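Geometric and topological summary
Now for the letters of each chain:
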Amino acid sequence: MRVLLLAGTIEARAVAAGLAALPGVEATASLAGATRAPAGYAVPLRTGGFGGAEGLANWLRAEAAGAVIDATHPFAARMAANAARASAAVGVPRLKLLRPAWPLRAGWRVVASLDDAAEALPRGARVLLTSGRDWAPFARRVDCRFWLRSIEPVDLPGQFEPILARPPFAMADEVALMRRLGITHLVSKNSGGDPAKLDAAESLAVSVLMVARGAPPAGPVVASPEEALAWVVRLVASRSQGVAGGA
Ligand code: NAP
């Protein structure tokens, strides 16, 4: 069975490793192409957009895909919606792998968007942006200072300074970083996963602006790579039973 794994997360790499070891499964992992040197995947990799839901549907047909695992980031909403539409159009089973969101902590300010986070910052804030490469919503806040953490270099205007780093980050290092830069505010999407930066912010009484997640497309959702692999195993088994039954 051909499986398309929509990737770009730590969990996707774990799923790829599991799929590589599954008999009867031939998987391809797909990346958007944002990271120039992606960390290793145990299955063949394709890179770049498909050309919307229609392009993805064409890819699924051309490759005779039997399943789609959408293990993209919880905030990769466009890809998730395209995967849902394309799989439904082609009639290919799709599973969303979504790591659990961080539970709300006392003192967090939950916002709906990066624009709202930018709006909420007080004058003079010293802000660690860990919300991805999108600095634009904060550009008008020339009364604040920003440190933007990213894996790849980003072209930034004057009030921003880059921090190039690849996760995971240890809590002690997060504390040291926030102390050294005199950070007063942390901006994060509610991606879930390693809470080191949140623990560090809490221990230093740094204010947290947390961007809430949207709901995933309707359909089956699991929270771990193990559950995603179990779903594939069940699918392979039901297909081979179907073939045996039909023979
Ligand atoms: P997005 O806004 O949902 O998707 C934008 C477009 O990028 C999609 O329409 C699709 O292009 C292409 N794309 C996205 N993921 C793809 C994949 N795995 N394989 C092939 N094409 C893909 O996505 P995003 O938020 O820019 O995220 C892009 C990638 O970075 C994803 O793989 C995601 O897992 C990863 N990532 C995102 C975040 C985040 O905060 N958003 C954080 C960490 C990692 P077409 O329409 O042309 O197919």
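The present account deals with the structure reproduced in this document. (Residues numbered from 1 in each chain as written. Predicted model: local features only at pLDDT ≥ 70, side-chain atom pairs only at ≥ 80, totals over all residues. Heavy atoms only, no water.)

**Digging into the site of the ligand**
Every one of the 20 residues lining the ligand counts as a neighbour, but Ala-7, Ser-30, Phe-50, His-73 and Met-79 are closest to it. Within the backbone of Arg-78, an N or O atom sits 3.0 Å from an oxygen atom of the ligand. Its free accessible area being 810 Å², the ligand has 74% of it covered by the protein chains. At four residues, helix α3 (residues 77-90) tops the list of elements feeding residues into the shell around the ligand. Considered class by class, the residues forming the shell around the ligand number eight nonpolar, nine polar and three charged. (Near = heavy atom within 4 Å. Polar contact = N/O pair within 3.5 Å; in protein donor to acceptor, adjacent residues only side chain to side chain. Areas by Shrake-Rupley, 256 points an atom, 1.4 Å probe, with all protein chains shown as cover. Helix = DSSP H or I, 4+ residues; strand = E, 2+ residues; numbered from the N terminus. Nonpolar A, V, L, I, M, F, W, Y, C, P; charged D, E, K, R; others polar.)

**Re the layout of surface pockets**
Its volume calculated, the second largest pocket comes out at about 290 Å³. Every residue lining the second largest pocket is counted, 20 residues in all, and those nearest its centre are Pro-74, Phe-75, Ala-76, Ala-77 and Gly-214. Split into classes, the residues belonging to the lining of the second largest pocket amount to 13 nonpolar, three polar and four charged. (1 Å grid on protein atoms, 1.4 Å probe; cavity = no way out; pocket = protein on both sides within 12 Å on 5 of 7 lines; lining within 4 Å. Points joined across faces, edges and corners; volume = space filled by probe spheres on them.)

**Overview of the nonpolar core**
Counting 26 residues, the largest nonpolar core has Val-3, Leu-5, Val-15, Leu-19, Ile-69 and Val-232 as the members making the most contacts within it. Counting residues per element, the ones that place at least two in this core are β1 (2-6), α1 (10-20), β2 (26-31), β4 (65-70), β5 (94-97) and α7 (225-246). (Core = buried A, V, L, I, M, F, W, Y, C linked by side-chain atoms within 4.5 Å. Buried < 20%, exposed > 50% of the residue type's maximum accessible area, 1.4 Å probe, protein only.)

**Regarding the packing of aromatic side chains**
What characterises a pair of aromatic rings is the spacing of the ring centres plus the angle enclosed by the ring planes. One pass over the full model with this rule turns up four aromatic pairs. A centroid spacing of 5.8 Å and a plane angle of 75 degrees characterise the contact between Phe-50 and Trp-59, whose relative ring orientation is edge-to-face. Grouping residues by exposure puts Phe-50 and Trp-59 together as buried. Aromatic pair Phe-146 and Phe-160: ring centres 4.9 Å apart, planes at 20 degrees, arrangement stacked. With a gap of 14 residues between them, Phe-146 in strand β8 (residues 145-150) and Phe-160 in strand β9 (residues 160-164) connect regions that are remote in the sequence. Summarising the burial analysis for this pair, Phe-146 and Phe-160 share the class buried. Of the aromatic side chains, those joined through ring pairs into one cluster are Trp-135, Phe-138, Phe-146 and Phe-160. One cation-aromatic arrangement involves Arg-46 over Phe-50; the distance from NZ or CZ to the ring centre is 3.8 Å. Here the basic side chain of Arg-149 rests over the ring of Phe-169, its NZ or CZ set 3.8 Å away from the ring centre. (Phe/Tyr/Trp six-rings, centres within 6.5 Å; stacked < 30°, edge-to-face > 60°. Lys NZ or Arg CZ within 6 Å of the ring centre and 35° of its normal.)

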